[in-house]
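Per-entry structural report
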Amino acid sequence: MEHIRVVGNLNDKINKVAVVTGSGADMFKKAKRSGADVLITGDMKYHDAQDALDIGMNVIDCGHFDTEDIFKDVMKRFIDGFEEFETIKSE
């Protein structure tokens, strides 16, 4: 990815990450309720980003194309490389 956009506090400690491929900007409230510290997704619009900031939700917007279906396969392979994490890939 050439560019990503970040909403939130870059100094926050991240323990739980929510990932929604493609256009998942509308999921930031659900990610917050589930205890996620950051949502990685694509297509975060300005007003959604402001709302996420207002509730203290960190968001990494990687763009729609780069977060499409292939992203979950790439991320699962990457995260599986760490023994302390368990990953479950949704279909």
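Before going into details, it helps to say that this report is about the structure given with it. (Residues numbered from 1 in each chain as written. Predicted model: local features only at pLDDT ≥ 70, side-chain atom pairs only at ≥ 80, totals over all residues. Heavy atoms only, no water.)

**Digging into the side chain of Thr 41**
Positionally, Thr 41 belongs in strand β3 (residues 38-42). Among residues more than four places away in sequence, those in contact with Thr 41 are Val 20, Gly 22, Ser 23, Gly 24, Ala 25, Val 59, Ile 60, Asp 61, Cys 62, Gly 63 and Thr 67. (Helix = DSSP H or I, 4+ residues; strand = E, 2+ residues; numbered from the N terminus. Contact = heavy atoms within 4.5 Å.)

**Some thoughts on a nonpolar patch on the surface**
On the surface, a cluster of nonpolar side chains totalling about 430 Å² of accessible area is made up of Met 1, Ile 4, Val 6 and Leu 10. With respect to the secondary-structure elements, Val 6 resides in strand β1 (residues 5-7). (Patch = residues over 30% accessible without salt bridge, like charges linked within 9 Å, V, L, I, M, F, W, Y side chains within 5 Å. Areas by Shrake-Rupley, 256 points an atom, 1.4 Å probe, with all protein chains shown as cover. Salt bridge = Lys/Arg side-chain N within 4 Å of Asp/Glu carboxyl O.)

**Thoughts on the nonpolar core**
Core analysis: the largest hydrophobic core is formed by twelve residues, namely Val 7, Ala 18, Ala 25, Phe 28, Ala 31, Ala 36, Leu 39, Met 44, Ala 49, Ala 52, Met 57 and Val 59. Counting residues per element, the ones that place at least two in this core are α1 (28-33) and α2 (46-54). With residues near it in sequence (within four places) discarded, Met 57 still touches Val 7, Phe 28, Ala 31, Lys 32, Ala 36, Asp 37, Val 38, Leu 39 and Ala 52. (Core = buried A, V, L, I, M, F, W, Y, C linked by side-chain atoms within 4.5 Å. Buried < 20%, exposed > 50% of the residue type's maximum accessible area, 1.4 Å probe, protein only.)

**Thoughts on the sheet that holds strand β2 (residues 17-23)**
Strand order in the open sheet made by the four strands is β1-β4-β3-β2, with mixed pairing throughout. Of all strands in the sheet, those bounded by a partner on one side alone are β1 and β2. Across this sheet, the average inter-strand angle for adjacent strands is 15 degrees, counted without regard to direction. Where β1 meets strand β4 (residues 58-61), three bridges bridge the pair, whose relative direction is antiparallel. Residue Val 6 lies in a different strand from β4, and its bridge partner there is Ile 60. (Pairing = 2+ DSSP bridges. Axes fitted to C-alpha atoms, helices over the stretch in contact; angles between N-to-C directions.)

**With respect to the pairing of β2**
In this structure, β2 lies alongside β3, joined through four bridges in parallel fashion. Bridged to Ala 18 within β3 is Leu 39. After leaving β2, the chain enters α1 and then returns to the sheet as β3, a path that is right-handed. (Right-handed = clockwise from strand over helix to strand, strands pointing away.)

**Regarding the environment of Ile 4**
Looking at where Ile 4 falls in the secondary structure, it is placed in the segment before β1. We classify Ile 4 as partly exposed; its relative accessible area is 47%. Between the C-alpha atom of Ile 4 and that of Tyr 46, which follows or precedes it by 42 residues, the distance is 14 Å. Not counting residues within four places of it along the chain, the set of residues in contact with Ile 4 comprises Ile 60, Asp 61 and Cys 62.

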